[in-house]
Amino acid sequence: NSIFAIDAWSDLEAMFEGIDRSGMYQTWIAGEFRAARESWGLSAGDPLDWGNWRVLAPVEAVKAACAEDPRVRLTMINTDNDCVIAGEREACKRVLTALGNRTALLMGHDIVAHAAEMKVWEKPWYDLHHRRTAPVPGLRIYSNASGGWYEASADAIATALTDQATDGVDFRRVVEA
């Protein structure tokens, strides 16, 4: 969104068409959740109920609890006490129970994103986000993946957005940068 907002990209309709053709929402990151299925070695017929929760708890405690279950990821860190976990719904519930049933909200926007499970769809994601890019002189673009900044280019943007999709996001680093 920010790349379009700064006019580095101007082909929003083409982007939407590419997303639709790719099956991103219908097949890979939602719908069939194929990214998680392939990552976990599940067949199309195996049950998979993916969920995303916003959790109000100390991030270090959430990290430790997530490390106990291979089907749960800490996907986003908003503050030291506000984050998002995602994964197989029952596994996430076990993590929440281990945390002492802290305040948690099922987000209802259940997608595989900001997680290692996206590595199986890394190349199509990169290709979708490698677009004709206009220079934006003097403007630093901050990456939610690295917390650092980069200048607008097709390669830099595609890399930053791919890294963000395949690993967790820590907004604290962006704000501090």
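Overview of the structure. (Residues numbered from 1 in each chain as written. Predicted model: local features only at pLDDT ≥ 70, side-chain atom pairs only at ≥ 80, totals over all residues. Heavy atoms only, no water.)

### Brief notes about the overall build of the protein
Right, on to step 1. Each helix and strand in the protein was counted, giving nine helices and seven strands.
Right, on to step 2. A compact globule built from 177 residues would reach a C-alpha radius of gyration of about 16 Å, and the protein, at 17 Å, matches this within 12%.
Right, on to step 3. The C-alpha extent of the protein, read off along each of the three principal axes, is 50 × 40 × 20 Å.
Right, on to step 4. Residue burial in the protein is summarised as follows: out of 177 residues, 47% are buried.
Right, on to step 5. A sequence separation of at least 24 residues applies to 64% of the contacts in the protein between residues at least 6 apart.
Right, on to step 6. As displayed, the protein offers around 9300 Å² of accessible surface, 52% of which is attributable to carbon and sulfur atoms.
Right, on to step 7. Side chains of the protein give 18 positive and 26 negative charges; the mean places of these two sets differ by 2 Å. (Helix = DSSP H or I, 4+ residues; strand = E, 2+ residues; numbered from the N terminus. Rg over C-alpha atoms; globule rule 2.2 N^0.38 Å. Buried < 20%, exposed > 50% of the residue type's maximum accessible area, 1.4 Å probe, protein only. Contact = heavy atoms within 4.5 Å. Areas by Shrake-Rupley, 256 points an atom, 1.4 Å probe, with all protein chains shown as cover. Lys, Arg positive; Asp, Glu negative; His and termini not counted. Charge placed at Lys NZ, Arg CZ, Asp CG, Glu CD.)

### Notes on the packing of aromatic side chains
Right, on to step 1. Summed over the entire model, instances satisfying the criterion amount to five aromatic pairs.
Right, on to step 2. Seen in terms of ring centroids, W28 and W121 are 5.8 Å apart; in terms of plane orientation they differ by 20°. Their pairing is stacked. Here W28, found in helix α3 (residues 24–28), pairs with W121, found in the loop between β4 (103–106) and α7 (122–129); they are 93 residues apart in sequence, far enough to count as distant.
Right, on to step 3. The class of W121 is buried, set by a relative accessible area of 4%.
Right, on to step 4. Taken together, W28, W121 and W125 form an aromatic cluster joined through their ring pairs.
Right, on to step 5. For R34, the ring lying beneath its charged end belongs to W28, and the centroid distance is 5.1 Å.
Right, on to step 6. R131 extends its terminal NZ or CZ atom over the ring of W9, reaching a point 6.0 Å from the ring centre. (Phe/Tyr/Trp six-rings, centres within 6.5 Å; stacked < 30°, edge-to-face > 60°. Lys NZ or Arg CZ within 6 Å of the ring centre and 35° of its normal.)

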